[in-house]
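Here is how the chains run, residue by residue.
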Amino acid sequence: MLLELVLSKPREWLLAHDTDPLAPEVAAQFLTLAARRRQGTPMAHLVGHREFMGHRLSVSADVLIPRPETELLVEMALQSLEDCTKRCLPSPVTGNGAGCSLLDLGTGSGAVAISVALACPTARVVATDLSENALAIAQKNAQQLSASVQFWLGSWYEALPPEGRFDVIVSNPPYIALNDPHLSQGDLRFEPAGALTDGADGLAALRHIIVGAPQHLVNGGWLWLEHGYDQGEEVAQLLLKAGFNAVQTKQDLAGLPRITGGSL
Ligand SMILES: C[S@@+](CC[C@H](N)C(=O)[O-])C[C@H]1O[C@@H](n2cnc3c(N)ncnc32)[C@H](O)[C@@H]1O
């Protein structure tokens, strides 16, 4: 990947030219990047992008590097939007289901909102983040991928202008407890603390989002949340307490409880 970057050549070219000598300046660039990688800098920061749901997203130190397990959050969102589209009467003009809407709270690089908008272009997709720098990256990604997403800056629901309710709300909020040793390991050392930890017990942001959701969802609307592998039971209890039905937890590809949701 680093050679692809310094040579601006695709993988196939590298395979076909595997005995070509490297120009000294290219070799020097490669060695500098390799040294940074050895010191722990994430590959996504060195190459400047990460693939998510088949889309190439620009990333920087201002955003969480999108994780494969978050693709499950997109899948659940799309399933809920599909159910919503079926419930909606077809428009006499377009023939499509009357526009369903989705809110992505804490969008970071825009990974979830952009993937939903591209997979379901009839949906109205809105995304928020507390970080201005993160929103700038998300906006750039949406533009590069021609995804139609409306972005708002601010804390959770407070970022939203007064408007109607959403059919689906999704979020992958910071859910690592402040004292969790993982925060000082691996890629996490290079990612924004505000994207990783709630500064408390790991459930503060999840609680806030769950408690506020009923005021922002339509009747029958769905809320889906990503959480830590050991938070599924607590998140399910919080959803039940807030009045959600059909509460369920989905496992990620590693078989860990990762996404919990329910409908109003
Ligand atoms: C775990 S990251 C998720 C990023 C992206 N949705 C993803 O899945 O790759 C959490 C995001 O929540 C944002 N965030 C943290 N506190 C927030 C708040 N009070 N209001 C809105 N967003 C917040 C962070 O800036 C960060 O972008």
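Please read all numbers here as calculations on a predicted model, not as lab measurements.

Thresholds applied
In this convention, every chain numbers its residues from 1, walking through the sequence in written order. With the structure being a predicted model, the display of local features is reserved for residues of pLDDT at least 70 and the display and counting of side-chain atom pairs for 80 or more, all residues being used for whole-chain, interface and lining totals. Each side-chain value is worked out from all heavy atoms of the structure, with water and hydrogens disregarded. For helices the rule is a DSSP run of H or I covering at least 4 residues; for strands it is a run of E covering at least 2, with both sets numbered from the N terminus onward. When we talk radius of gyration, it's over C-alpha atoms, and the globule rule is simply 2.2 Å times the number of residues to the 0.38. In this scheme, a residue with accessible area under 20% of its type's maximum is buried, one over 50% is exposed, and one in between is partly exposed, where area comes from a 1.4 Å probe on protein chains only. Proximity is defined per residue: any heavy atom of the residue falling within 4 Å of a molecule or strand makes that residue near it. Polar contacts here mean pairs of N or O atoms no more than 3.5 Å apart (in protein, one a potential hydrogen donor and the other a potential acceptor; neighbouring residues in sequence count only if both atoms are side-chain atoms). Gly is put with the polar residues, along with every residue not named as nonpolar or charged; the nonpolar set is Ala, Val, Leu, Ile, Met, Phe, Trp, Tyr, Cys and Pro, and the charged set is Asp, Glu, Lys and Arg. Strands pair, by our definition, only if DSSP identifies at least two bridges between them. Convention adopted: a line fitted to C-alpha atoms gives each axis, helices being fitted over their contacting stretch, and angles between N-to-C directions are expressed from 0 to 180 degrees. Only heavy atoms enter the contact rule, under which two residues are in contact if any of them lie within 4.5 Å. For Phe, Tyr and Trp, where Trp contributes only its six-membered ring, two rings pair if their centres lie within 6.5 Å, and the inter-plane angle classes them as stacked under 30 degrees, edge-to-face over 60, or tilted in between. Definition used for salt bridges: Asp or Glu carboxyl oxygen within 4 Å of a side-chain nitrogen of Lys or Arg. Between the first and last residue of a helix there are one fewer steps than residues, each counted as 1.5 Å, and that sum is the expected span.

Engineer: For the overall build of the chain, give the residues involved together with the corresponding values.
Structural biologist: What the chain contains, in helices and strands, is 10 helices and nine strands. Its C-alpha atoms give the chain a radius of gyration of 20 Å, near enough to 18 Å, the size a compact globule of 264 residues would have. Principal axes of the C-alpha set define a box for the chain whose edges measure 65 × 50 × 35 Å. Burial status across the chain gives 45% buried among its 264 residues.

Engineer: Can you break down the site of the ligand residue by residue, with the values?
Structural biologist: Near the ligand, the surroundings consist of 17 residues, among which G106, D129, W156, N172 and A195 are the closest. In the environment of the ligand, a nitrogen atom lies 3.4 Å from a nitrogen or oxygen atom belonging to the backbone of T107. W156 places a polar main-chain atom, nitrogen or oxygen, 2.9 Å from a nitrogen atom of the ligand. Classifying every residue of the shell around the ligand by side-chain character gives seven nonpolar, nine polar and one charged.

Engineer: Hey, could you go over the sheet that holds strand β3 (residues 101-105) for me, with residue numbers and the actual values?
Structural biologist: Read across the open sheet, the seven strands follow the order β5-β4-β3-β6-β7-β9-β8; overall the sheet is mixed. Single-partner strands in this sheet number two, and they are β5 (149-153) and β8 (245-251). Averaged over all pairs of adjacent strands, the angle between strand axes in this sheet comes to 15 degrees, irrespective of strand direction. Two elements, strand β7 (residues 217-226) and strand β9 (residues 257-263), share five bridges in a ladder whose sense is antiparallel. Opposite L225, over in β9, you have T260 as the bridge partner. Taken strand by strand, helix α7 (residues 132-144) contacts β4 (124-129) and β5, and its axis lies near 170 degrees from that of β5.

Engineer: Account for the packing of aromatic side chains, with residues named and values stated.
Structural biologist: All told, the structure shown has one aromatic pair when counted by the stated rule. Taken together, a centroid distance of 5.2 Å and an interplanar angle of 0 degrees make the contact between W222 and W224 stacked. You'll find W222 and W224 in the same group, each marked buried.

Engineer: Outline the environment of D167, supporting the account with residue identities and numerical values.
Structural biologist: Structurally, the position occupied by D167 is in strand β6 (residues 166-171). In this structure, the C-alpha to C-alpha distance between D167 and I137, residues 30 residues apart in sequence, is 26 Å. Filtering out sequence-adjacent residues up to four positions away, D167 remains in contact with C84, G99, C100, S101, L217, V218, G221 and W222. Engagement of the side chain of D167 in a polar contact is seen with the backbone nitrogen of S101, the distance being 2.8 Å.

Engineer: An account of the pattern of salt bridges is needed here, citing residue identities and associated values.
Structural biologist: When charged atoms on two side chains of opposite charge get close, those side chains can pair. Throughout the structure, instances matching the rule amount to four salt bridges. With a closest N to O distance of 2.5 Å, R11 and E4 form a salt bridge.

Engineer: Outline helix α3 (residues 24-38), listing residues and values.
Structural biologist: With 15 residues, α3 extends 21 Å from end C-alpha to end C-alpha; this agrees with the ideal 21 Å at 1.5 Å per step. At its buried positions, α3 is contacted by α1 (2-7) and α4 (43-47). Of the residues one or two after α3, G40 is the one with positive phi, at around 110 degrees.

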